[in-house]
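# Tertiary structure, described
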Amino acid sequence: MTAEREAMTWPIFGTASRALSASVAESGFRPDIVLGISRGGLIPAGALAYALDCKNLFTISVEFYTGIDERLDVPVMLPPFLDATDLDNAKVLVVDDVADTGKTLELVHDFCRGHVAEARTAVLYRKSQSIVDPDYAWATTDHWITFPWSVDPPVVDRGGAAES
């Protein structure tokens, strides 16, 4: 991966999340549930849920990144675990900030399989090496992305990833 970075500011995020929401709406997909992947997907999921007038906003916690372009071998779901039966027969929009390797989206999409009526994926950024091609993406880049919610280091250092 290149050392170059793509910087998303809060104003760009506002434009991006609105455009991403419009793409979902224009496709005719009307999710019953927006499922945000913690942590990076939580803010985009909230924005999409508001724009799509979807009041059922769920979260699922997945750890994969341990630092800038450093990750575990595979993504791991963290407690508290979502009860998959809460998704039964729903149309679910799975939201994350970026489809980098695509492994996190794949894990969550597989988790939904067998329960949901339909699951689609939405991300702010798609990367060319992703093993999952999201149903909706605002932009494509192969740079490391600095998001507005992770541009500053944590106020408290608990040993987690400083940037996502």
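If you're wondering where the values come from, they're calculated on a predicted model, not measured in any experiment.

Here is what the cut-offs are and how they apply
Residues numbered from 1 in each chain as written. Predicted model: local features only at pLDDT ≥ 70, side-chain atom pairs only at ≥ 80, totals over all residues. Heavy atoms only, no water. Phe/Tyr/Trp six-rings, centres within 6.5 Å; stacked < 30°, edge-to-face > 60°. Helix = DSSP H or I, 4+ residues; strand = E, 2+ residues; numbered from the N terminus. Buried < 20%, exposed > 50% of the residue type's maximum accessible area, 1.4 Å probe, protein only. Patch = residues over 30% accessible without salt bridge, like charges linked within 9 Å, V, L, I, M, F, W, Y side chains within 5 Å. Areas by Shrake-Rupley, 256 points an atom, 1.4 Å probe, with all protein chains shown as cover. Salt bridge = Lys/Arg side-chain N within 4 Å of Asp/Glu carboxyl O. Axes fitted to C-alpha atoms, helices over the stretch in contact; angles between N-to-C directions. Parallel < 35°, antiparallel > 145°, perpendicular 65-115°, else oblique. Left-handed = near helix turned anticlockwise from the far one by under 90°. Contact = heavy atoms within 4.5 Å. Nonpolar A, V, L, I, M, F, W, Y, C, P; charged D, E, K, R; others polar.

Once that is clear, we can look at the packing of aromatic side chains. Here a ring pair, both rings aromatic, is described through the centre-centre distance and the interplanar angle of the planes. Applying the stated rule across the entire model yields six aromatic pairs. Relative to Phe13, the ring of Trp10 has its centre 5.9 Å away and its plane inclined at 85 degrees; by these criteria the two rings are edge-to-face. Within this pair, Trp10 and its partner Phe13 are both found in helix 1 (residues 10-27), separated by three residues, close to a single helical turn. You can call Phe13 buried: its relative accessible area is 7%. Relative to Trp138, the ring of Tyr125 lies with its centre 5.7 Å away and its plane at 85 degrees, an arrangement referred to as edge-to-face.

Glancing now at a nonpolar patch on the surface. On the surface, a cluster of nonpolar side chains totalling about 270 Å² of accessible area is made up of Trp10, Leu42 and Ile43. With relative accessibility at 45%, the residue Trp10 sits in the partly exposed group.

The next thing to look at is the pattern of salt bridges. Scanning the model with the defined rule gives four salt bridges in all. A salt bridge links Lys127 to Asp100, with the nearest nitrogen and oxygen atoms 3.5 Å apart. Of this pair, Lys127 sits in the loop between strand 6 (118-126) and strand 7 (136-140) while Asp100 sits in the loop between strand 5 (91-99) and helix 3 (103-112), and the two are 27 residues apart along the sequence. The pair formed by Lys127 and Asp100 is uniform in burial state, with each residue classed as buried. Glu118 is the salt-bridge partner of Arg120, the closest N and O atoms lying 2.7 Å from each other.

The description of two packed helices rests on the angle between their axes and on the distance between the axes. Orientation of helix 1 relative to helix 2 (residues 42-51), taken along the N-to-C sense of each, is 50 degrees, at an axis distance of 9 Å. Classified by the angle their axes make, helix 1 and helix 2 are oblique. Between helix 1 and helix 2 the crossing geometry is right-handed. Contacts from Trp10, Phe13, Ser17, Arg18, Leu20 and Ser21 in helix 1 reach Ile43, Pro44, Ala47, Leu48 and Ala51 in helix 2. Among the residues forming the contact of helix 1 with helix 2, the class breakdown is eight nonpolar, two polar and one charged.

Of note, the bond from Ser38 into Arg39 is cis; its omega dihedral lies within 30 degrees of zero at 10 degrees. Cis geometry is adopted by the peptide bond preceding Pro80, which originates at Pro79 and carries an omega value of 0 degrees. Secondary-structure assignment places Pro80 in the loop between strand 4 (70-78) and strand 5. Non-glycine residue Asp53 carries a positive phi angle of around 55 degrees. If you trace the backbone, Asp53 turns up in the loop between helix 2 and strand 3 (57-67). Of the residues examined, Asp53 reaches a relative accessible area of 64% and is grouped as exposed. A positive phi angle is found at Asn89, which is not glycine, with a value near 60 degrees. Structurally, the position occupied by Asn89 is in the loop between strand 4 and strand 5.

Without other data, these values stay purely geometric and don't point to any function.
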